[in-house]
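Per-entry structural report
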Amino acid sequence: MGIPLKEVDDGLTLLYLLGVDEIKILGVTTTFGNGTIDQTYRQTHKLAQQMNLEFPILQGEGQRGQNPDTPAAHFLVNSVNQYPHQLSILTTGPVGNLHAANQLDPDFYYKVKRIVAMGGYLRSHGAQSISPKGIKLGYRYLHELNFSANPEAAIEMLHAPCPVTVFPGQVCLQAAFRRKNIKEALWWPQKLRRILTHWVIIFGLYCGVPEFYLWDLLPAVYLTNPNLFETIAFPLGSTMQDLKDGLLIKNPDPKAPFIQVGMSICNPTDFYSNLSAAWQRTAKNFPPPQF
Ligand SMILES: [Ca+2]
């Protein structure tokens, strides 16, 4: 958030989590995806400094399949060793840092309590089925950007021995954010509201819609308010080839290992008021990011 022409939902997710009392953030690992690793690390680090955040921001994978010896991977391994079976991991981008951690410590996933991830596309969702080019939004096809950016890491994570819950792209389209929402968010400084308004315009022009989407906020809210969502057990049949397109495909064998998949926001009013309350608490308790 705050890098010109880049998504804002990862940053809004951090601002949300900081305002949830039940959540203690141990650290944030960065990855390529929304920008280069240098861009995302520098920006997240700057935001953390401005907000006096006490947990570390770690530099992670800069490209798919690189050497796993990164500060992010070591942090993940050390954290699960310090708190085995107690830590939830929220992923909001490509999941190469988890793959790297698992290379450093093959028992890594056995020590994780659970993973909640934003990523993937369902092959069909309601009446809409997916085209090879991605999901259609306005006049644009959007290609999947998280699991497809590192399919080897994604398939490993989806088959991890700990519980895994995934919020696919189509489902996140239920959480739109419009100029009206930004106007009402008076707890944020004007500069932040201006950045969000720019993103409504840029994303809106790119796709032909009057809104952007709160993609990463869905799994973040799910961490403490799972009852706000409908989820299903989903036996996973995706191959590596499917995950190159980010596709989540159901295995016809009901005994196949399954993940949980978020399918809908049950009560959008509660979802948005939960977000607003946490964002307001963050605005009250932390210095604002400057950008
Ligand atoms: Ca993201």
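In this text, all values refer to a predicted model and were calculated from it rather than measured experimentally. (Residues numbered from 1 in each chain as written. Predicted model: local features only at pLDDT ≥ 70, side-chain atom pairs only at ≥ 80, totals over all residues.)

1. Some words on the environment of P132
For the record, the criterion: Numbering of helices and strands runs from the N terminus, with a helix taken as a DSSP run of H or I at least four residues long and a strand as a DSSP run of E at least two residues long. Three exposure classes are used, all based on how many other C-beta atoms lie within 10 Å of a residue's own C-beta (placed from the backbone): buried at 20 or more, exposed at 12 or fewer, and partly exposed between those limits.
With respect to the secondary-structure elements, P132 resides in the loop between β7 (128-129) and β8 (135-137). Given 8 C-beta atoms within a 10 Å radius, P132 is considered exposed.

2. Focus: the nonpolar core
Filter applied, for reference: Each nonpolar core comprises buried Ala, Val, Leu, Ile, Met, Phe, Trp, Tyr and Cys residues, the members being joined through C-beta atoms within 7 Å. Here, residues touch in the contact sense if the C-beta positions derived from the backbone fall within 7 Å of one another.
M157, L217 and L218 are the most contacted members of the largest nonpolar core, which totals 72 residues. Dropping the residues within four chain positions of it, M157 is found in contact with V95, L98, I115 and V164.

3. So, the environment of G62
With respect to the helices and strands, the residue G62 is situated in the loop between β2 (57-58) and α3 (71-82). The exposure class of G62 is partly exposed, given the 17 C-beta atoms found within 10 Å. The sequence separation of G62 and G35 amounts to 27 residues, and the corresponding C-alpha distance is 9.6 Å. Not counting the four nearest positions on each side in its chain, G62 is found in contact with F32, T36 and I37.

4. Focus: the sheet that holds strand β10 (residues 164-167)
Put simply, the rule reads: In this description, strands pair whenever DSSP reports at least two bridges between them. Only the stretch in contact is used when fitting a helix axis, every axis being a line fitted to C-alpha atoms; angles between N-to-C directions are given from 0 to 180 degrees.
Spatially, the five strands line up as an open sheet ordered β3-β4-β10-β15-β13, and their pairing is mixed. Two strands close off the open sheet at either side, each with one partner strand: β3 (88-91) and β13 (229-235). Here the average twist between neighbouring strands, direction ignored, is 20°. Here strand β4 (residues 114-118) runs beside β10; their pairing, made up of four bridges, is parallel. Across the sheet, residue I115 finds its bridge partner in β10, namely V164.

5. Here we look at helix α2 (residues 37-50)
Using the following cut-off: A helix is expected to reach a length of 1.5 Å times the quantity of its residues less one.
With 14 residues, α2 ought to run about 20 Å at 1.5 Å a step, and its terminal C-alpha atoms sit 20 Å apart, in line with that. Residues of α2 that are buried include every one of T40, Y41, Q43, T44 and L47, and no others. For α2, the elements touching its buried residues are α1 (9-17), β1 (28-29) and β2. Once α2 ends, the next one or two residues include N52, with phi positive near 55°.

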